[in-house]
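Residue-level structure breakdown
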Amino acid sequence: MEVVEHSALTVVSALFNGIGVTVGINLPLKVSIEAGEGKVFNNRNESHELITMIAKEENMDARSFNFSINSEIPPGVGLKSSSAVSLAILRALRQYSGSNKSIMQTIVDSCVYSKKYGISYTGAMDDAISCHFGGLNFVNNERFEIVDRFSISKNKVYISIPNTRKRNAELDEFRTQQFLGKIALKYAFDLNLKKAALENSRAVSNVYGYDFSIIETLSSIPGVKIAGFTGTGPSFYAIADSIDEENQSYIASFFKQNGNYILTELR
């Protein structure tokens, strides 16, 4: 039995004002489950602890089955790997046990567990919705409610993962950037996603000290629709549609120079 979730990107972070705007991308994570003796086979540094915690919440014994996790989502860099793997584990457990709970209830429960066990500050329902459904999603993380959803074209997505470590930041530090977060959110509700991601990235940069000029440079390139830091970084991205060959080469070289480089698409 196998379930699949995907990665996602931040347009506006929910850490500033409670409402997050995210978009799905085509980097898959697959989880399979079978009867066994509690082994976990994976290509990422995923401990038994997460599976054990979620299984316990479901009144199941993690020692009675084996898990296999195969992910193309780099962990810990803002690409929503935690939301994807938590939701995939819970979905797999519920399918295995024959649960009749809906996918929306499963998504909410996954977010509740993530918040309870400190995997995310808010439960990150905005991330989980985009990981599962794809598209552009506006989600109130505090109420666990979808505000609005839109389908999207499968534009190219360039992602860079800098070879740097981010420091830990407290939630109060994000609250100091609420004003910028509100500006970003207003642009997002007007569907001016380019400006929304730009102002969100400015706020994220103020918290973490990232080089905001990177995002300004990417946003100025013809054909780039959205550019920004995703999650709490350090990864950043550019979403592009009709870019000529010269600009495609420029973007690719720009991303390669700034860290590990991934090319994928929206979903």
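The structure we're discussing is the one just above.
Attention in this report is confined to the structure presented alongside it. In this text the structure is predicted, and so the values were computed from the model without any measurement.

Here we come to the packing of helix α4 (residues 103-116) against helix α5 (residues 125-133). One can describe the packing of α4 onto α5 by two numbers: an axis separation of 9 Å at closest approach and a directional angle of 140°. By the angle class used here, α4 and α5 are oblique. Considering only the axes of α4 and α5, their crossing is right-handed. Every residue of α5 that contacts α4 at Ile103, Met104, Ile107, Val108 and Cys111 is listed here: Met125, Ala128, Ile129, His132 and Phe133. Class assignment for the residues of the contact of α4 with α5 results in 9 nonpolar, 1 polar and no charged.

The subject of this paragraph is unusual backbone geometry. Here the amide bond leading from Gly233 into Pro234 is cis, since omega sits at 5°, within 30 degrees of zero. At Ala124, a residue that is not glycine, the phi angle is positive and equals roughly 55°. Among the secondary structure elements, Ala124 is positioned in the loop between α4 and α5. Of note, the phi angle at Phe144 is positive, near 55°, even though the residue is not glycine.

Take Ser110: it is sitting in helix α4. On the basis of relative accessible area, Ser110 is assigned to the buried category, the value being 4%. Excluding residues that lie within four positions of it along the chain, Ser110 makes contacts with Ser86, Leu87 and Leu90.

Another point: the layout of surface pockets. In this structure, the largest pocket spans a volume of roughly 860 Å³. Contributions of two or more residues to the lining of the largest pocket are made by α1 (14-17), α3 (81-97) and α5. At 3 residues, α3 tops the list of elements feeding residues into the lining of the largest pocket. Residues belonging to the lining of the largest pocket are distributed by class as follows: 10 nonpolar, 14 polar and 5 charged. As a volume, the second largest pocket reaches approximately 150 Å³.

For the coordinates displayed, the defined rule picks out 9 salt bridges. When the shortest N-O distance is used, the salt bridge between Glu37 and Lys39 registers 3.6 Å. For Glu58, the salt bridge goes to Arg94, with nearest N and O atoms at 2.9 Å. With Glu58 in the loop between α2 (48-57) and β4 (65-71) and Arg94 in helix α3, this pair connects stretches of sequence that are 36 residues apart. We classify Arg94 as buried; its relative accessible area is 4%. What you see here is one network of salt bridges that share partners, running through Glu58, Arg94 and Asp109.

Core analysis: the biggest nonpolar cluster contains 52 residues, and Leu9, Val11, Phe65, Phe67, Leu93, Ile159 and Tyr237 have the highest contact counts within it. Top contributing element to this core by residue count: strand β2 (residues 19-35), with 8 residues. If we ignore the near neighbours within four places in the chain, the residues touching Val11 are Val21, Thr22, Val23, Leu136, Leu193, Ala196, Ala197, Asn200 and Tyr237. Counting residues in each nonpolar core, the second largest holds 27 residues, with Phe174, Val207, Leu218 and Ala227 among its members.

A few words on the sheet that holds strand β7 (residues 156-161). Read from one edge to the other, the open sheet built from 4 strands follows the order β8-β9-β7-β10, with strand pairing classed as antiparallel. Of all the strands in the sheet, just β8 (224-229) and β10 (260-265) have a single pairing partner and so form its edges. Strand-to-strand twist across the sheet, computed as the mean angle between neighbouring axes with direction ignored, equals 15°. Here β7 pairs with strand β9 (residues 236-240) via 5 bridges, running antiparallel. Within the sheet, the bridge partner assigned to Tyr158 lies in β9 and is Ala238. Its contacts with the sheet put helix α8 (residues 193-208) on β8 and β9, and the angle it makes with β8 is roughly 15°. The sheet contacts of helix α10 (residues 245-257) involve β7, β8, β9 and β10, and relative to β7 the element is tilted by about 25°.

Rules used throughout
Residues numbered from 1 in each chain as written. Predicted model: local features only at pLDDT ≥ 70, side-chain atom pairs only at ≥ 80, totals over all residues. Heavy atoms only, no water. Axes fitted to C-alpha atoms, helices over the stretch in contact; angles between N-to-C directions. Helix = DSSP H or I, 4+ residues; strand = E, 2+ residues; numbered from the N terminus. Parallel < 35°, antiparallel > 145°, perpendicular 65-115°, else oblique. Left-handed = near helix turned anticlockwise from the far one by under 90°. Contact = heavy atoms within 4.5 Å. Nonpolar A, V, L, I, M, F, W, Y, C, P; charged D, E, K, R; others polar. Buried < 20%, exposed > 50% of the residue type's maximum accessible area, 1.4 Å probe, protein only. 1 Å grid on protein atoms, 1.4 Å probe; cavity = no way out; pocket = protein on both sides within 12 Å on 5 of 7 lines; lining within 4 Å. Points joined across faces, edges and corners; volume = space filled by probe spheres on them. Salt bridge = Lys/Arg side-chain N within 4 Å of Asp/Glu carboxyl O. Core = buried A, V, L, I, M, F, W, Y, C linked by side-chain atoms within 4.5 Å. Pairing = 2+ DSSP bridges.

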